[in-house]
Amino acid sequence: MARPIVGDVRIKQERRHLNNGRVYVYERVVKYDPETRRNITLQRKLLGIEDPETGKIIPTKPKRVISTKTGNSEDKDTIQRKKIGVTSLLEWVGKASGIDEDLKVAFGDDNDTANKCINIARYWVATNGETLPNMRTWQIKHAVAEDELITENLYKQVFDTLGQNESYVQNYFKCRCNGLEKRSVIAIDSTTTSTYSQQLDAARYGFNKQDDSLPTIKTLTLYSLDAHQPLAFYHQPGNIPDIISIKNALRELSYLNISKPLIVSDNGFYSLDNITAFIFERMRFLTRVTLRDGAWLKKIVDEHLNELDLFSNQLDSDANIQGVSICFEHNFERLCKYNTEGHKAGDKITVIKKLHLHIYRLRENKHQEEKLFASQLADIKAHLLAEDELTPAAQKIADECFIVTKSRGKISVTPNQDGCLKRSRYFGLLLLLTNDEKDKESALAIYRKREHIEDHYEKLKNIADGNKPRVCDDWRFKGRQFVQFVSLGYFDFIYKKIKTLKQTLGQVTGDPVHDLSDNLKLEKKVKSWLENKSLHEIFEWFDCVESVNLHGGKHPHVRLITEQIKRDKKFLEVIGYSGILTKN
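Figured I'd write up the structure that's included with this text. Please read these numbers as outputs of a predicted model, since none were measured by experiment. Within each chain, residue numbers correspond to sequence positions counted from 1 in written order. Per-residue local features of the predicted model are confined to residues with pLDDT of at least 70, and side-chain atom pairs are confined, for both listing and counting, to 80 or more; whole-chain, interface and lining totals are unaffected and use all residues. Only hydrogens and water are removed before side-chain values are computed, so all heavy atoms of the structure are retained for them.

### Digging into the pattern of salt bridges
Phase 1: What makes a salt bridge here is a side-chain nitrogen of Lys or Arg within 4 Å of a carboxyl oxygen of Asp or Glu, nothing more. On inspection of all chains with the given rule, the structure shows 21 salt bridges.
Phase 2: We note a salt bridge from R15 to E50, for which the minimum N-O separation is 2.7 Å. Of this pair, R15 sits in strand β1 (residues 9-17) while E50 sits in strand β3 (residues 38-50), and the two are 35 residues apart along the sequence.
Phase 3: A salt bridge links R423 to E400, with the shortest nitrogen-to-oxygen separation between them at 3.0 Å. Here R423 is found in helix α12 (residues 417-424), whereas its partner E400 is found in helix α11 (residues 392-401), with 23 residues between them in sequence.
Phase 4: By relative accessible area, R423 is classed as partly exposed at 29%.
Phase 5: The exposure class of E400 is partly exposed, given its relative accessible area of 27%.
Phase 6: Linked by salt bridges that have partners in common, E14, R28 and R44 make up one network. The way it works is that DSSP assigns letters per residue, a run of H or I at least four long becomes a helix, a run of E at least two long becomes a strand, and they are numbered from the N terminus. With a 1.4 Å probe rolled over the protein chains alone, any residue whose accessible area is under 20% of its type maximum counts as buried; one over 50% counts as exposed, and the rest are partly exposed.

Here is the structure:
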C-alpha cells in the first residue's frame with residue numbers, strides 16, 4: 001500500500017559539481033505537488049563550498065554592497081567627490097523653465113512623487129535616453145544620497161502613481177499653459193509606439209508610422225510653436241485615425257483655457273467636418289489640404305493655377321516658391337444638439353464664413369515629381385509594348401496618358417499630351433487653408449514651424465527612451481509617458497536657448513562693453529563650438545566637472561571644483577546659467 005501524500009514543507013541539501021572541481025552546496029525548501037507529482041522549490045539558498053578533504057561546508061564571501069560613501073571611518077561623512085556638471089546644468093534648466101515649480105504645484109502635497117519624476121526626467125536628458133535599469137549606477141557616480149537612489153521598484157511605483165492620478169497630469173498641463181501669450185500658435189500632431197505586448201489594452205493594429213507590422217499605441221500632442229514647449233498629450237488606441245481625433249483635441253484646449261490659439265495641423269487631420277468644428281467652436285486654424293481630400297477646393301485651385309507661373313507671385317522669403325492667396329466664402333452646416341432660444345434639437349444651423357486659401361508651387365518639389373512621373377511613364381510604356389498585365393493604378397495612368405493602337409499585330413503606344421498635362425499640372429503644389437492668416441508669406445512661415453513638433457517626436461523616440469513601451473501595464477505606460485513628456489520639456493528649453501544663441505553670438509550690438517574685440521572673438525569661439533556639438537555632447541562635456549568636499553586640518557571646509565576654460569565660462573554666461581559651476 002502506497003504511503004499517503006502529506007504535502008509538508010521539507011528542507012533538502014543539493015550539491016552542484018562544477019568543472020573546476022568545486023562543489024557548491026545549496027539548501028532547498030521544497031513541497032510536493034500531487035497534481036504535477038513533483039517537488040516545488042519554495043526557496044533556494046547557497047550555504048557554501050564543500051571542503052574536498054574534510055567534507056565541511058565553507059561559507060562563501062557575502063555579496064558586495066555598492067555604497068555611495070568613500071573614505072575611512074573617520075571622514076566618510078565629511079570627504080566626498082561627486083560629478084556636478086550636468087546635474088547642476090539640469091537643475092538650472094528646471095528652475096529657469098519653470099518645469100520643476102509647475103510639477104510641485106500640480107502634485108500638491110505629494111512632493112516625493114514630484115521629486116522622483118524630476119530626477120527620472122533629468123536622467124533621460126543627461127544620458128540621451130538610457131534605459132532605467134542603468135539609472136542607479138548613474139546616480140551613484142553622481143553622488144546621489146543613498147536614501148534618494150531610485151531603484152526599479154521605485155520608478156515603477158512612480159509610474160503607477162502618475163498613471164492612476166490623472167489630476168496630477170492635467171494640473172501640470174494647465175500650469176504649463178498659464179505662461180502662454182495671447183493668440184499663441186499651437187501645433188497638433190500624433191505618433192505611434194509599436195509593441196509586442198498583448199497586455200496593453202490600447203495596443204491595436206492600425207496605421208503604423210514605424211512600418212513594422214506591430215500593434216501600436218497612438219499619442220496625440222499639443223505643442224506651442226512660440227514657446228517651443230510641449231503643452232499636453234493623451235494616448236489613444238492605435239486604430240484611431242487622426243481625422244477623428246480633432247474634436248477631443250479641441251475639448252482639451254478648452255479645458256486648458258488657452259486664449260484664442262491658432263491651431264496648426266497637417267493634412268492627416270483635415271476633413272470638412274473638422275473645419276466645421278473649428279468654425280462653430282470659433283477657433284482659429286491653419287491646416288494643410290490636398291486636392292484628394294479637399295475636392296470642394298479644386299475649382300478654386302483650377303481658376304488660379306496659371307497665376308503661379310507669374311514671377312510677380314514669387315515669395316520674398318524664398319525665391320524657389322511662388323504663391324497666390326484667395327479669399328472666399330463657404331456655407332457650413334451643423335445639426336443643433338440641444339434646444340436653445342433660436343433652435344430646437346435636430347435643427348440645421350447654417351453659417352457663412354470667410355476663408356483664405358494659400359496656393360504655393362515649390363519648384364524643387366515640382367522638378368522631383370516630374371522626374372518620377374517621367375520614369376513611371378517610361379516603365380508603363382515598356383509594359384504596354386510587351387503586353388504585360390498592369391496593376392490597377394498603373395492601368396489608370398496608362399488610360400489617361402497613352403493612346404494604344406494595334407495594327408497588323410503590331411502595338412503602337414503614343415503619349416496623350418492632354419492626359420499627361422492634366423496629371424502634371426498639380427505637381428509641386430502646397431495648399432494651406434485658414435480662417436485667420438491673410439498673408440501668404442506669414443501663413444507659410446507659421447506652417448513651417450510645424451517641424452518643431454516633428455523634432456519633438458524624434459526626441460521622444462531617441463532621447464527619452466520612447467521607442468518601445470517597456471512596460472506591460474496600461475497605468476504604468478501612461479505614467480512613463482508623462483515623465484518622458486517632462487524630460488522633453490527640459491530638452492526643448494535648453495535646445496531653444498542654444499539655437500537662439502547661434503544667431504546672436506559674435507554680432508555687434510552697439511554696447512561698447514559687449515563689442516570689445518576680445519569679447520566678440522570669445523563669443524565666436526563659443527558659436528563655433530556649439531555648431532559642432534550636439535546637445536548630448538555638450539552635457540557630456542560638462543559631466544567631467546567634479547566637486548571634492550574636504551574637512552579637517554587647518555581648514556574647516558574646502559571645496560575643490562574642476563577648473564574651466566574661458567570658452568566654457570562664456571557659454572554658461574550667455575545662456576543665463578546661475579549656479580555652482582560659476583562660483584569657482
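### Quick look at the packing of aromatic side chains
Phase 1: Aromatic pairs are defined between Phe, Tyr and Trp rings, using the six-membered ring for Trp, whenever the two ring centres lie within 6.5 Å; interplanar angles under 30 degrees are classed as stacked, those over 60 as edge-to-face, and all others as tilted. Taken as a whole, this structure holds 20 aromatic pairs when the rule is applied.
Phase 2: Each ring, one from Y123 and one from W138, has its centre 5.6 Å from the other, and the planes form 70 degrees; the classification is edge-to-face. Of this pair, Y123 sits in helix α3 (residues 111-127) while W138 sits in helix α4 (residues 135-141), placing them 15 residues apart in sequence.
Phase 3: For the pair F173 and F482, a centre-to-centre distance of 6.5 Å together with 50 degrees between the ring planes defines the contact as tilted. With F173 in helix α6 (residues 166-178) and F482 in helix α15 (residues 474-504), this pair connects stretches of sequence that are 309 residues apart. The exposure classification of F173 matches that of F482, with both residues buried.
Phase 4: Connected via pairs of aromatic rings, a cluster forms that spans F107, Y168, Y172, F173, F233, F482 and F485.
Phase 5: The cationic tip of K174 hangs over the ring face of Y255; the distance from NZ or CZ to the ring centre is 4.4 Å. By definition here, charges over rings are those cases where NZ of Lys or CZ of Arg is within 6 Å of the ring centre and within 35 degrees of the ring normal.

### Focus: empty space enclosed by the protein
Phase 1: Using protein atoms alone on a 1 Å grid, points that fit a 1.4 Å probe yet trap it form a cavity, whereas open point sets bounded by protein on both sides within 12 Å along at least five of seven lines form a pocket; residues with an atom within 4 Å of a point count as lining. Grid points are joined across faces, edges and corners, and a volume is the space filled by probe spheres set on the points. If you walk through the whole model with that rule in mind, you get four cavities of 30 Å³ or more.
Phase 2: For the largest cavity, the calculated volume is near 80 Å³.
Phase 3: Around the largest cavity, the lining residues are T219, T221, F233, H456, Y457, L460, Q481, Q484, F485 and L488.
Phase 4: Those elements giving two or more residues to the lining of the largest cavity turn out to be β7 (216-224), α14 (451-462) and α15.
Phase 5: Residues are grouped as follows: nonpolar covers Ala, Val, Leu, Ile, Met, Phe, Trp, Tyr, Cys and Pro; charged covers Asp, Glu, Lys and Arg; every other residue, Gly included, is treated as polar. Within the lining of the largest cavity, the residues separate by chemical class into five nonpolar, five polar and no charged.
Phase 6: A volume near 50 Å³ is recorded for the second largest cavity.

### Looking at a nonpolar patch on the surface
Phase 1: Together, V9, I40 and L42 line one region of the surface with nonpolar side chains, adding up to about 270 Å² of accessible area.
Phase 2: Looking at the secondary structure, you find L42 in strand β3. Note that patches include only residues with greater than 30% relative accessible area and no salt bridge, and the join distances are 9 Å for like charges and 5 Å for nonpolar side chains (Val, Leu, Ile, Met, Phe, Trp, Tyr). Surface exposure here means Shrake-Rupley accessible area, sampled with a 1.4 Å probe, where a residue is shielded only by the protein chains that are shown.

### Let's talk about helix α1 (residues 85-97)
An α-helical turn contains 3.6 residues, so a residue and the one three or four places further along point in the same direction.
Phase 1: Take the number of residues in a helix, subtract one, and multiply by 1.5 Å to get its expected span. Under the 1.5 Å per step criterion, the end-to-end length of α1 is 18 Å for 13 residues, consistent within 8% with the ideal 18 Å.
Phase 2: All of the buried residues in α1 are G85, V86, S88, L89, L90, W92, V93, G94 and S97.
Phase 3: Just downstream of α1, G98 is the residue with a positive phi angle, here 85 degrees.

### Re the sheet that holds β1
Phase 1: Strand order in this open sheet of four strands is β1-β2-β3-β4, and the pairing throughout is antiparallel. Where the open sheet ends on each side, the last strands, each with one partner, are β1 and β4 (57-58). One bridge is not enough; two strands pair if DSSP finds at least two bridges between them.

### Things to note about the environment of M135
Phase 1: In this structure, M135 sits in helix α4.
Phase 2: In the structure, M135 is positioned 14 residues away from L149 in sequence and 8.7 Å away in space, judged by C-alpha atoms.
Phase 3: Note on contacts: a residue pair qualifies if any of its non-hydrogen atoms lie within 4.5 Å across the two residues. Look past the residues within four positions of M135 in its chain and what remains in contact with it is N119, I120, Y123 and I150.

### Examining the pairing of β1
Phase 1: In the sheet, β1 pairs with strand β2 (residues 23-33) via nine bridges, with the strands oriented antiparallel. Paired with R10 across the strands is V30, a residue of β2.
Phase 2: Connecting β1 to the antiparallel partner β2 that follows it, the hairpin turn spans five residues, and G21 within it adopts a positive phi of roughly 95 degrees.

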